[in-house]
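# Structural overview
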Amino acid sequence: MIRGGSLLLRKSGGYSTSSISSSSGKTNNALFRRLLSTEGKNSSSSSSNGASKSNDLNLKLKYAKTRAGTGNPEGVEKGIEGGAAGMSMIPRGPVSWPALGLVAVAAASAVAYYKIERERRLEQAMGKIVSTGKPAIGGPWSLIDLDGNLVTNKSFEGKWTLLYFGFARCPDICPSEMVKVGKVMDTLKKEHPEIADNIVPLFVSVDPARDSLKALKEYAKDFHPSYIFLTGSPEQVQQMAKKYRVYVSKADETEDGDYLVDHSIVIYFHDDTGDLADCFTQSMRPSDVMEKVIERMTFVPTF
């Protein structure tokens, strides 16, 4: 570098000053040009090398992965040049998907076992509960049988009764429950005839507007011969249904006046004094009903 009449020579630690005589002539001019050319080349080479190193560093940083992910702990260069094959996976921990699946299955099994065990204990506890008194279900009533005779609750004193509320046009539930009672009566007749002789099945129509005596006589042909079919005025039927807490309501009424009747599905079992002894629901099988009937009718109280 030329400053005044001196030449600044670049060294590793900076510049030094060298005095150049103006009388050197062409030699000095040639020297100046050579020095300037060398300095320009060095400066250009240094700038190029710096840019290249900077680009390399940026490229390495761009493709480098940390050890927290799927990084290359053995060096960035191998990962860049080798691609996915050059990257080494970090060793997995003790938790894996199969292990999580086993934990989920075990947890579900534990919950299911807890629920089953809880229900079993509740059933055991309920079985130990002793109830006293009589349910406020039933009471005096009066209807007519298929022969037009007046029948009351007093008419069956000395007999056990299986009482069911239904209607003759019921498509499925009523026939199913009445067949169930018929099977109970047939089985008792074979295995416990003395018990069967003391039971009377009763059917009370909750649709007196359509269940005339004639309609009930036709309906009775399809069921057990021991059945006694009863009906009455709408008021009589309503009063009796209310005493037994039987739900009755019209349903799916059509334009021509046809309809179904929604009602409670319960068989009421009365003892020989007319008191309610038990109730049998739709879910009970004939064998379940028979077992309860025998249990109630053979029970001997201890004082």
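Analysis parameters
- Residues numbered from 1 in each chain as written.
- Predicted model: local features only at pLDDT ≥ 70, side-chain atom pairs only at ≥ 80, totals over all residues.
- Heavy atoms only, no water.
- Phe/Tyr/Trp six-rings, centres within 6.5 Å; stacked < 30°, edge-to-face > 60°.
- Buried < 20%, exposed > 50% of the residue type's maximum accessible area, 1.4 Å probe, protein only.
- Lys NZ or Arg CZ within 6 Å of the ring centre and 35° of its normal.
- Helix = DSSP H or I, 4+ residues; strand = E, 2+ residues; numbered from the N terminus.
- Expected span 1.5 Å × (residues − 1).
- Arc of directions from axis to C-beta.
- Contact = heavy atoms within 4.5 Å.
- Pairing = 2+ DSSP bridges.

The relative placement of two aromatic rings is captured by the distance of their centres and the angle of their planes. Evaluation of the coordinates by the stated rule reveals 12 aromatic pairs. Ring geometry for Tyr 227 against Phe 229: centres 5.8 Å apart, planes inclined by 45°, an arrangement best described as tilted. Since its relative accessible area comes to 8%, Tyr 227 is described here as buried. What links up through ring pairs into an aromatic cluster is the set Tyr 164, Phe 203, Tyr 219, Phe 223, Tyr 227 and Phe 229. Cation over ring: Lys 250 sits above Tyr 259, and NZ or CZ is 4.5 Å from the ring centre.

Between its first and last C-alpha atoms helix 8 (residues 286–297) spans 16 Å; for 12 residues at 1.5 Å apiece the expected length is 16 Å, and the two agree. Burial in helix 8 covers these residues: Val 289, Met 290, Val 293, Ile 294 and Met 297. Looking straight down helix 8, one finds that the buried residues subtend no more than 130° of arc, so they occupy a single side. In this fold, the buried residues of helix 8 make contact with strand 6 (160–166), helix 4 (173–191), helix 5 (193–196), strand 7 (199–205), strand 11 (266–270) and strand 12 (276–281).

So, on to the pairing of strand 10 (residues 260–263). The side-chain alternation of strand 10 yields one buried face, formed by Val 261 and His 263, and one unburied face, formed by Leu 260 and Asp 262. Here strand 9 (residues 248–251) runs beside strand 10; their pairing, made up of four bridges, is antiparallel. For Ser 249, the partnering residue across the bridge sits in strand 10 and is Asp 262.

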